[in-house]
Amino acid sequence: MEEVPHAIEEIKEKMKTVKHKILVLSGKGGVGKSTFSAHLAHGLAEDENTQVALLDIDICGPSIPKIMGLEGEQFLEDNLGVMSVGFLLSSPDDAVIWRGPKKNGMIKQFLRDVDWGEVDYLIVDTPPGTSDEHLSVVQYLAAARIDGAVIITTPQEVSLQDVRKEISFCRKVRLPVLGVVENMSGFVCPNCKKESQIFPPTTGGAEVMCQDLQIPLLGRVPLDPHIGKSCDKGQSFMIDAPDSPATLAYRSIIQSKCVCESCEFTWRRGQKVI
Ligand SMILES: Nc1ncnc2c1ncn2[C@@H]1O[C@H](COP(=O)(O)OP(=O)(O)OP(=O)(O)O)[C@@H](O)[C@H]1O
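Residues numbered from 1 in each chain as written. Predicted model: local features only at pLDDT ≥ 70, side-chain atom pairs only at ≥ 80, totals over all residues. Heavy atoms only, no water.

### Section: the overall build of the protein
Which entries qualify depends on this criterion: Put simply, DSSP H or I for four residues or longer makes a helix, DSSP E for two residues or longer makes a strand, and each gets a number counted from the N terminus. In this setup the radius of gyration rests on C-alpha atoms only. A globule is expected at 2.2 Å times the number of residues raised to 0.38. The contact definition used throughout considers only heavy atoms, calling two residues in contact when any of these lie within 4.5 Å. Under the convention used here, a 1.4 Å probe and the Shrake-Rupley method define accessible areas, while residue burial counts only the protein chains that appear. In this count, Lys and Arg are taken as positive residues and Asp and Glu as negative ones, while His and the chain termini are left out. Where a charge lies is defined by one atom per residue type: Lys uses NZ, Arg uses CZ, Asp uses CG and Glu uses CD.
When its secondary structure is counted, the protein shows ten helices and nine strands. For a compact globule of 274 residues, the expected C-alpha radius of gyration is about 19 Å, and the protein comes in at 18 Å, within 12% of that figure. The principal-axis extent of the C-alpha atoms belonging to the protein is close to 60 × 40 × 40 Å. Looking at the protein alone, contacts between residues at least 24 apart form 76% of all its contacts between residues at least 6 apart. Carbon and sulfur atoms make up 51% of the accessible area of the protein, which totals about 12800 Å². For the protein, the separation between the mean place of its 29 positive charges and that of its 37 negative charges on side chains is 6 Å.

The following block contains the structure:
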């Protein structure tokens with residue numbers, strides 16, 4: 001037990017070279033959290049002067065190595081580093097069946113023992129829900145100050161319901177909510193450009209929920225089947241389809257963050273919600 005406060009101090013020291021730490025959360029699985037985390041990392045790293053690190057703590061289902069086209073390697077570009085438990089498995093098909101303490105130990109090792117170097121943004125992709133991994137990363141980074149969480153949802157009530165739980169978790173552990181991204185939000189037909197709602201928002205979608213909870217809606221990313229194709233190839237969809245509505249949505253979300261060097265990072269300054 002004595003070990004945890006000690007590790008928190010060590011991690012605080014290690015994180016001195018990491019400017020911003022952003023957790024990516026979702027209530028439900030399969031809503032596009034890892035895809036968003038990967039594209040946030042790609043998008044931020046397009047500026048070659050920005051150092052980005054992507055840490056995948058979805059220990060039982062690490063999909064970041066595949067999405068980033070890194071099965072076996074740990075670095076992508078000079079300014080974009082990736083770490084995942086997926087790199088430690090002998091085969092991508094290996095199952096990780098770990099209890100809480102072992103997961104916590106792995107997260108501690110990732111944060112404390114990886115040589116992160118000078119990093120502008122550390123993006124942490126988490127498993128769905130609120131479990132050991134979330135508590136652990138929040139606890140270990142407690143003294144190192146996390147900027148906040150971005151929460152990914154689809155427009156359906158079944159996903160939004162779990163987002164409310166996620167927000168309640170954030171409030172309990174005093175993790176600021178930077179905002180919500182509504183993913184798979186409408187489908188723009190590539191031929192006629194008409195938008196249809198594949199997953200209709202029965203309760204008003206993320207927009208109404210964000211208004212109710214006074215949380216920023218960072219943007220909406222439409223459904224595009226080519227996103228899955230790019231991810232399967234380990235490529236950035238933003239490079240593969242630079243003019244698509246989904247790319248424009250990713251870019252608008254990424255660009256809306258405050259880039260001012262001197263100010264304290266918030267997605268939209270002054271709107272950080274605890
Ligand atoms: N906007 C989108 N349009 C179309 N497909 C998408 C979109 N976003 C994500 N996907 C696809 O949805 C599937 C689930 O995405 P992803 O693995 O990122 O979800 P996740 O929330 O991280 O899931 P889990 O938490 O279970 O790991 C993937 O096949 C991905 O390619």
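Next, the rest of the story.
### Side note on the packing of aromatic side chains
The relative placement of two aromatic rings is captured by the distance of their centres and the angle of their planes. Short version of the rule: Classification of ring pairs uses Phe, Tyr and Trp, with its six-membered ring standing for Trp, and accepts pairs whose centres are within 6.5 Å; under 30 degrees between planes counts as stacked, over 60 as edge-to-face, and the remaining range as tilted. Note on exposure labels: buried denotes an accessible area under 20% of the residue type's maximum, exposed denotes more than 50%, and partly exposed covers the range between, all computed with a 1.4 Å probe on protein chains only.
Enumeration according to the criterion identifies one aromatic pair in this entry. Geometrically, the ring pair formed by Phe36 and Tyr250 is tilted, given 6.3 Å between the ring centres and 40 degrees between the ring planes. Note that Phe36 is positioned in helix 2 (residues 33-45) and Tyr250 in helix 10 (residues 245-255), a separation of 214 residues in sequence. Here Phe36 matches Tyr250 in class, with each residue buried.

### Thoughts on the environment of Leu122
In this structure, Leu122 sits in strand 5 (residues 119-125). For the pair Leu122 and Met15, spaced 107 residues apart in sequence, the C-alpha separation works out to 9.7 Å. In contact with Leu122, not counting residues within four places along its chain, are Met15, Val18, His20, Lys21, Ile22, Ala53, Leu55 and Trp116.

### So, the site of the ligand
Keep this limit in mind: Proximity is defined per residue: any heavy atom of the residue falling within 4 Å of a molecule or strand makes that residue near it. Whenever two N or O atoms come within 3.5 Å, that pair is a polar contact, provided that in protein one can donate a hydrogen and the other can accept it, and provided that, for residues adjacent in sequence, both atoms are side-chain atoms.
Taken together, 17 residues form the shell around the ligand, and within it Gly30, Lys33, Ser34, Thr35 and Asn183 come nearest. Contact distances for the ligand include 2.9 Å between an oxygen atom and a backbone N or O atom of Gly30. Ser34 has a polar backbone atom sitting 2.8 Å from an oxygen atom of the ligand. Relative to its unbound accessible area of 630 Å², the ligand is 76% covered by the protein chains. Elements with a contribution of two residues or more to the shell around the ligand: helix 2, strand 7 (177-188), strand 9 (217-223) and helix 8 (225-233).

### Some points on the pattern of salt bridges
Selection criterion: Counted as salt bridges are all cases of a side-chain nitrogen of Lys or Arg within 4 Å of a carboxyl oxygen of Asp or Glu.
Inspection of the entire model under this criterion finds twelve salt bridges. One salt bridge in this structure joins Lys19 and Asp120, with 3.3 Å as the shortest N-O distance. Taken together, the positions of Lys19 in strand 1 (residues 18-26) and Asp120 in strand 5 put the pair 101 residues apart, joining distant regions of the chain. Accessibility expressed as a relative area gives 15% for Asp120, which makes it buried. Connected through salt bridges with shared partners, the residues Glu10, Arg112 and Asp113 form a single ionic network.

### Notes on the state of the cysteines
Counted only if it meets this: In what follows, a disulfide is any cysteine sulfur pair within 2.5 Å.
Applying the stated criterion across every chain, the model contains zero disulfides. Lacking any disulfide linkage, Cys189 is separated from the closest cysteine sulfur, that of Cys192, by 3.6 Å. On the basis of relative accessible area, Cys189 is assigned to the buried category, the value being 18%.

### Observations regarding the packing of helix 6 (residues 157-172) against helix 7 (residues 205-213)
For any two helices packed against each other, one specifies the inter-axial angle together with the distance between the axes. Rules: Fitted lines through C-alpha atoms serve as axes, helices being fitted only where they are in contact, and the angles separating the N-to-C directions of these axes extend from 0 to 180 degrees. For any pair of crossing helices, the crossing counts as left-handed if the nearer helix is rotated counterclockwise from the farther one by less than a right angle, and right-handed if it is rotated clockwise.
Here helix 6 crosses helix 7 at 30 degrees, and the two axes come no closer than 11 Å. Where helix 6 crosses over helix 7, the two elements pack in a sense that is right-handed. On helix 7, the residues that touch Leu160, Val163, Arg164, Ile167 and Arg171 of helix 6 are Gly205, Ala206, Met209 and Leu213.

### Details of helix 2
Put simply, the rule is: To estimate how far a helix should extend, the number of its residues minus one is multiplied by 1.5 Å.
Along its 13 residues, helix 2 runs 18 Å from first to last C-alpha, staying within 8% of the 18 Å computed at 1.5 Å per residue. For helix 2, the tally of buried residues reaches 13 of 13 residues, placing the bulk of the element in the interior.

### Regarding the confidence of the model for the protein
Quick reminder of the rule: The predictor's confidence in any single residue is recorded as pLDDT, a number from 0 to 100.
Mean pLDDT over the protein: 87, with 91% of residues reaching 70 or higher. For this predicted complex, the interface confidence comes out at an ipTM of 0.98, alongside a pTM of 0.92.

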